[in-house]
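Structural overview
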Amino acid sequence: MSDSREREKSSLNGTERTGSGRGTLPEGTVLNGRYKLEKVLGRGGFGITYKALDMNVQVDVAVKEYLTEPGEEPERAVREAQISASLYDLEGIVAVRDYFIDRGIAYIVMEYVQGISIKQYIAQHGRMDGKEVLAGMKPLLKSIRRIHEKGIVHRDISADNLMITQDGKLKLIDFGAASLLDPKREEHTILIKRGFVPVEQYRSED
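An account of the accompanying structure is given in this report. (Residues numbered from 1 in each chain as written. Predicted model: local features only at pLDDT ≥ 70, side-chain atom pairs only at ≥ 80, totals over all residues. Heavy atoms only, no water.)

Quick look at the environment of Ile164 now. With respect to the helices and strands, the residue Ile164 is situated in strand β9 (residues 162-165). Under the relative-accessibility criterion, Ile164 is labelled buried at 13%. With 51 residues separating them along the chain, Ile164 and Val113 place their C-alpha atoms 8.7 Å apart. Apart from residues lying up to four places away in sequence, Ile164 is in contact with Gln114, Gly115, Ile116, Ile118, Tyr121, Met128, Lys169 and Leu170. (Helix = DSSP H or I, 4+ residues; strand = E, 2+ residues; numbered from the N terminus. Buried < 20%, exposed > 50% of the residue type's maximum accessible area, 1.4 Å probe, protein only. Contact = heavy atoms within 4.5 Å.)

If you want it as structure tokens, here you go:
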């Protein structure tokens, strides 16, 4: 099928795309007349991430589809796109390339990070060497410090969201849970992932 015919193809193949329980889009689906989906990279509480081909420039990208309920405004997607785009110059932070709405569903297009998550690495190879981890974390920690100086908190730094690239560097992905701190607000929502936040934040649940 030619590129022009691909672009004319219904972006969502007539599939209803509402509700957090929806299934994944089929391989070959074209979004926004530009991004051809190839496979699912992962699924989390905030959305489904696909590997896709940007047909305009013929490069691989990651496309995140947001899980929303019928009638829900895509505010979280807009926030993540804005936050991530503001961090484009920081080492070790995934870059956002595009943002769009397709049939009421929000999508963010990011650079495609070739590699595996720390969680996957540990599952395959066991515990990582401490010195190796420290060396990889140093440049990323500098970027995280700058993120905090901008008033942004990622809120989900974990083995799932830290990627080891093919050249051995660490890259932080998925700002779906990120929050902009407002000094005028006295309370802020806390997201808890056991093992990656101080135990006193969830000890009372036990």
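Moving on: the sheet that holds β9. In space, the 3 strands of this open sheet follow the order β7-β9-β10, with antiparallel pairing throughout. Both outer strands of the open sheet, β7 (115-117) and β10 (170-172), are each paired with one neighbouring strand and no more. Within the sheet, the average angular offset between the axes of one strand and its neighbour, ignoring direction, is 30°. Relative to β9, β7 runs antiparallel, the two sharing 3 bridges. (Pairing = 2+ DSSP bridges. Axes fitted to C-alpha atoms, helices over the stretch in contact; angles between N-to-C directions.)

We now examine the pattern of salt bridges. One pass over the structure, following the stated rule, counts 7 salt bridges. Between Lys51 and Glu38 there is a salt bridge, with the nearest N and O atoms lying 3.8 Å from each other. Of this pair, Lys51 sits in strand β3 (residues 47-54) while Glu38 is found in strand β2 (residues 35-43), placing the two residues 13 residues apart along the sequence. In this structure Glu38 comes out as partly exposed when scored by relative accessible area, which is 31%. Among the ionic pairs, Lys64 bridges to Asp174, the shortest N-O distance being 2.8 Å. (Salt bridge = Lys/Arg side-chain N within 4 Å of Asp/Glu carboxyl O.)

If you look at the biggest cluster of nonpolar residues, it comprises 17 residues, and the most contacted ones within it are Leu87, Ile93, Ile118, Leu140, Ile147, Leu172 and Phe175. If you list the elements that add at least two residues to this core, you get α4 (130-149), β9 and β10. Both domain 1 (29-111) and domain 2 (115-200) contribute no fewer than three residues apiece to this core. Those residues in contact with Leu140, other than ones at most four positions away along the chain, are Glu91, Gly92, Ile93, Leu162, Leu170 and Leu172. Listed in part, the 14 residues of the second largest apolar core include Leu31, Leu37, Tyr50 and Tyr107. (Core = buried A, V, L, I, M, F, W, Y, C linked by side-chain atoms within 4.5 Å. Domains from an automatic or database assignment.)

This part covers the packing of aromatic side chains. Taken as a whole, this structure holds 2 aromatic pairs when the rule is applied. Aromatic side chains Tyr35 and Phe100 sit 5.7 Å apart centroid to centroid with 10° between the ring planes, which places their arrangement in the stacked category. Taken together, the positions of Tyr35 in strand β2 and Phe100 in strand β5 (residues 96-102) put the pair 65 residues apart, joining distant regions of the chain. Each member of the pair, Tyr35 as well as Phe100, is classed as buried. Both rings, one in Phe100 and one in Tyr107, keep their centres 5.2 Å apart while their planes meet at 15°; by these two values the pair is stacked. (Phe/Tyr/Trp six-rings, centres within 6.5 Å; stacked < 30°, edge-to-face > 60°.)

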